[in-house]
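Residue strings, one per chain:
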Amino acid sequence: MAPRKFHLAWFSNFSLDEWQQPFASGGGNPWNGRFHTEFAQALERACFDFMMLEDSLMLSEAYGGSTTHYLKHAIHVPKHDPVPLAAVIGSHTRHIGIVPTMSTLGYTPFLLARLAATIDHITEGRFGWNIVTSAEKHAAQNFGLDRMVEHDARYDMADEFMDVVNALFDSWDPDAVVMDRDRHIYADAAKVRPINYKGKYYSSRGPLNTAPSPQRRPTYVQAGGSPRGRDFAARHADCIVAAQVGVKSMKAFRDDIRERARRFGRNPDDIKVLYLFAPVLGETEEEAIAKNTRSMMSEAYMERAVGMFSALTDIDFSKFDLDKPLPELSTDGETTALKMFTQPGSGKPFRQLIREAGKATCVDVVGTPEQVADRMAAIMDEVGGDGFLIKHPFHLINRRYIHEITDGLVPALQRRGLVRTEYTQPTLRETLREF
Ligand SMILES: Cc1cc2nc3c(=O)[nH]c(=O)nc-3n(C[C@H](O)[C@H](O)[C@H](O)COP(=O)(O)O)c2cc1C
């Protein structure tokens, strides 16, 4: 029997490529989008379902109480807006989905729906939206708020945001554009309606002033990990990206999402769960292990990892002794990231936590392409599906790592019949639902 296929996507952002290491791409000018466009083309050659572009809306001061650490190490800065990049990538690729992040903090529903419809047209149905609420205090302050809205309330607001954008996407019937030459009618006014939405947080009159796009609504991607976040994701998402550590919690997470989806009256097979995965590859196992150890022991890796997790959780990790276990911590920022990083109850010294969790991967896998492919197959067998969200393990991306995946790991997976070897569907949503 042919093995059950799983999906591959890639987690990146419109940030710097690696600029200091021996095989760095250069980091000189990624800002014209060419580096990332070629990156997407490499992923398309390897038949990835989509490229996801993370985003945030602030320059952090969480680590050490200032911007110094972030600017010095270029952690999450500079970071450019991924939405125009998605349009550029879309016009230089044919099949791969492009999923930038847009925060409900920064957009009004009307503006977001209009932008999403526009780019869904430009990409001919390959546009996805990574739905986030933003979680950081500084992001809130950039939008004129004193502080971030509390965790669960952010999701309540986001639920309403989704109701409005969905109503706007439906404000044109699919067949509203008739282009009847004889009767001189472009669009049928009876098929385009205002939505007159008045909610607790958002209101919009509608209708949208864009033509209905190939997918009607962009493919929805989401990453809620908390109970409230999972409900949000199970209600709205076509694809959930997850940061659960260890095969057991990966499986439990997927089972839970599927159960929640059923409760919302959805078919759980319509929601694909992809797990963060940052394999380290070598021509031999020894080479891969040596590469992994060298990178994880480096000062640069430690500094980037603590800076990144401080930013995500708004916790100043510079305060803690590297040789002692961490105290119990809580955050109103990203609760799942905090758990991934601190491994509550483990009693491990802080230094070890950084080394173990700094890669932010669900399972730590190091080896040859053949070994990693076998491990991925075994993980998927145990978890039940639906695929992996690949990211670079040591924080900055270079062409060498991209090609280790696209020209080493992916062919090994393809030889086993585990991943896609061609695109057969016209839109991103249909690509995700193909298997
Ligand atoms: C793989 C992954 C990607 C994410 N991408 C972003 C992002 O680009 N921007 C952002 O503000 N939050 C991002 N998040 C955070 C989530 O949107 C969400 O806020 C976070 O998981 C906290 O939700 P929770 O408290 O329900 O777990 C991401 C999370 C994960 C696991």
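I will try to describe carefully the structure that is included in this document. A quick note: this is a predicted structure, and the numbers were derived from the prediction, not measured.

1. Looking at the pairing of strand E2 (residues 50-54)
Two faces, one strand: in a regular strand the side chains alternate between the faces of the sheet.
Working step 1: Most of E2 is tucked away: 5 of the 5 residues are buried.
Working step 2: Residues of E2 alternate between two faces, with Phe50, Met52 and Glu54 on one and Met51 and Leu53 on the opposite face, all of them buried.
Working step 3: Relative to E2, strand E1 (residues 7-13) runs parallel, the two sharing 5 bridges. Residue tryptophan 10 lies in a different strand from E2, and its bridge partner there is methionine 51.
Working step 4: The handedness of the E1 to E2 crossover, carried by helix H1 (residues 34-45), is right-handed.

2. Some points on the site of the ligand
Working step 1: Taken together, 21 residues lie around the ligand, and His151, Tyr155, Ser226, Thr335 and Thr336 are the ones closest in.
Working step 2: Between the ligand and glycine 225, the relevant distance is 3.0 Å, taken from an oxygen atom to a main-chain nitrogen or oxygen of the residue.
Working step 3: Contact between the ligand and glutamate 334: a nitrogen atom at 3.3 Å from a side-chain N or O atom of the residue.
Working step 4: Protein chains bury 94% of the 620 Å² of accessible surface belonging to the ligand in isolation.

3. Some remarks on the packing of helix H10 (residues 299-313) against helix H11 (residues 335-342)
Working step 1: The geometry of H10 relative to H11 is characterised by a closest axis approach of 8 Å and an angle of 145° between their N-to-C directions. The crossing of H10 and H11 is left-handed. Residue-level inspection shows Val306, Phe309, Leu312 and Thr313 of H10 in contact with H11, the latter providing Ala337, Leu338 and Phe341.
Working step 2: The class makeup of the residues in the contact of H10 with H11 is 6 nonpolar, 1 polar and no charged.

4. Things to note about the pattern of salt bridges
Working step 1: Following the criterion strictly, the structure yields 34 salt bridges and no others.
Working step 2: Across the salt bridge formed by aspartate 256 and arginine 260, the nearest N and O atoms sit 2.8 Å from each other. With aspartate 256 and arginine 260 both in helix H8 (residues 247-263) and 4 residues apart, this pair spans about one turn of that helix. Each member of the pair aspartate 256 and arginine 260 is classed as buried.
Working step 3: Arginine 420 is the partner of glutamate 434 in a salt bridge, and the nearest nitrogen-oxygen pair spans 2.7 Å. Here the residue glutamate 434 occupies a position in the segment after helix H15 (428-433), and arginine 420 occupies one in the loop between helix H14 (399-415) and H15, the gap between them amounting to 14 residues.
Working step 4: Judged by relative accessible area, arginine 420 falls into the buried class, the value being 3%.

5. What to know about the nonpolar core
Working step 1: Within the largest apolar cluster, 120 residues are counted, with the highest numbers of intra-cluster contacts made by Trp10, Phe48 and Phe50.
Working step 2: For this core, the element with the most residues is helix H6 (residues 151-169), which contributes 8 residues.
Working step 3: In this structure, Met58, Leu105, Ala139 and Met148 belong to the second largest nonpolar core, which totals 5 residues.

6. Overview of unusual backbone geometry
Working step 1: Looking along the chain, the bond that leaves valine 77 and enters proline 78 is cis, with omega of -10°.
Working step 2: By the secondary structure assignment, proline 78 is in the loop between helix H2 (68-73) and helix H3 (82-91).
Working step 3: In this structure, the amide linkage connecting glycine 206 to the following residue, proline 207, adopts the cis form with an omega of -5°.
Working step 4: Along the chain, proline 207 falls in the loop between strand E8 (203-204) and strand E9 (219-222).
Working step 5: Of note, glutamate 124 is a non-glycine position whose phi angle comes to about 55°, a positive value.
Working step 6: Following the sequence through the fold, glutamate 124 ends up in the loop between helix H4 (109-122) and strand E4 (128-132).
Working step 7: One non-glycine residue with positive phi stands out, namely alanine 360, at about 50°.
Working step 8: In this structure, alanine 360 sits in the loop between helix H12 (350-357) and strand E13 (366-367).

7. Considerations on the sheet that holds E4
In any sheet, the strands associate via hydrogen bonds between backbone groups, in a parallel or an antiparallel arrangement.
Working step 1: Strand order in the closed barrel formed by 8 strands is E1-E2-E3-E4-E9-E10-E11-E14, and the pairing between neighbours is parallel. Averaged over all pairs of adjacent strands, the angle between strand axes in this sheet comes to 30°, irrespective of strand direction.
Working step 2: Pairing analysis gives 4 bridges linking E1 to strand E14 (residues 387-390), with the strands arranged parallel. Paired with histidine 7 across the strands is glycine 387, a residue of E14.
Working step 3: Against the sheet, H3 makes contact with E2 and strand E3 (97-103), and its axis sits at roughly 165° relative to E3, the strand it touches most.

8. With respect to the environment of isoleucine 257
Working step 1: In this fold, isoleucine 257 is placed in helix H8.
Working step 2: Sequence separation of isoleucine 257 and phenylalanine 50 is 207 residues, and the distance between their C-alpha atoms is 21 Å.
Working step 3: Non-local contacts of isoleucine 257, meaning those with residues more than four positions away in its chain, are made with Arg230, Ala234, Ile240, Ile271 and Val273.

9. A short note on the packing of aromatic side chains
Working step 1: Inspection of every chain in the model, using the stated rule, returns 19 aromatic pairs.
Working step 2: An angle of 45° between the planes, with centres 5.6 Å apart, marks the rings of tyrosine 155 and phenylalanine 232 as tilted. Of this pair, tyrosine 155 sits in helix H6 while phenylalanine 232 sits in helix H7 (residues 227-236), and the two are 77 residues apart along the sequence.
Working step 3: A relative accessible area of 1% means that phenylalanine 232 is categorised as buried.
Working step 4: Connected via pairs of aromatic rings, a cluster forms that spans Trp10, Phe35, Phe39, Phe48 and Tyr401.

What counts, and where the lines are drawn
- Residues numbered from 1 in each chain as written.
- Predicted model: local features only at pLDDT ≥ 70, side-chain atom pairs only at ≥ 80, totals over all residues.
- Heavy atoms only, no water.
- Buried < 20%, exposed > 50% of the residue type's maximum accessible area, 1.4 Å probe, protein only.
- Helix = DSSP H or I, 4+ residues; strand = E, 2+ residues; numbered from the N terminus.
- Pairing = 2+ DSSP bridges.
- Right-handed = clockwise from strand over helix to strand, strands pointing away.
- Near = heavy atom within 4 Å.
- Polar contact = N/O pair within 3.5 Å; in protein donor to acceptor, adjacent residues only side chain to side chain.
- Areas by Shrake-Rupley, 256 points an atom, 1.4 Å probe, with all protein chains shown as cover.
- Axes fitted to C-alpha atoms, helices over the stretch in contact; angles between N-to-C directions.
- Left-handed = near helix turned anticlockwise from the far one by under 90°.
- Contact = heavy atoms within 4.5 Å.
- Nonpolar A, V, L, I, M, F, W, Y, C, P; charged D, E, K, R; others polar.
- Salt bridge = Lys/Arg side-chain N within 4 Å of Asp/Glu carboxyl O.
- Core = buried A, V, L, I, M, F, W, Y, C linked by side-chain atoms within 4.5 Å.
- Phe/Tyr/Trp six-rings, centres within 6.5 Å; stacked < 30°, edge-to-face > 60°.

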